[in-house]
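Residue strings, one per chain:
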Amino acid sequence: MRQINESHVAVPGLAVVEVAAADDDTDFAVQELLGARCAIAPADHTTQAPSEPGVRLRCFIDLRQEPDA
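Residues numbered from 1 in each chain as written. Predicted model: local features only at pLDDT ≥ 70, side-chain atom pairs only at ≥ 80, totals over all residues. Heavy atoms only, no water.

Draft legend 1. Summary view of the sheet that holds strand S2 (residues 39–41). Taken in spatial order, the three strands make up an open sheet running S1-S3-S2, and their pairing is antiparallel. Because the sheet does not close on itself, it has two edges, and the strands there are strand S1 (14–21) and S2. Going across the sheet, the axis of each strand differs from the next one's by a mean of 35°, ignoring polarity. Taken together, the eight bridges between S1 and strand S3 (residues 55–62) define a ladder with antiparallel strand orientation. If you follow Glu 18 over to S3, its bridge partner there is Arg 58. Most of the contacts of helix H1 (residues 24–37) go to S3, to which it runs at about 10°, and overall it touches S1, S2 and S3. (Pairing = 2+ DSSP bridges. Helix = DSSP H or I, 4+ residues; strand = E, 2+ residues; numbered from the N terminus. Axes fitted to C-alpha atoms, helices over the stretch in contact; angles between N-to-C directions. Contact = heavy atoms within 4.5 Å.)

As far as function goes, none of this settles anything; it's purely spatial.
Next up, the structure:
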């Protein structure tokens, strides 16, 4: 995954969330739950590091905005 840069968390209300789970379905289910509560820039794929268990997903959240309808 790319490194998180300052613009991702430049102001209060912006956050980067990384989810680690056993499988893609679980990662995307967590992302869907987050998206129901706040505005997110969703991930479209997961990553897997050879030396780490499971898969990871990173999404960017803006708590200042309502989720898309």
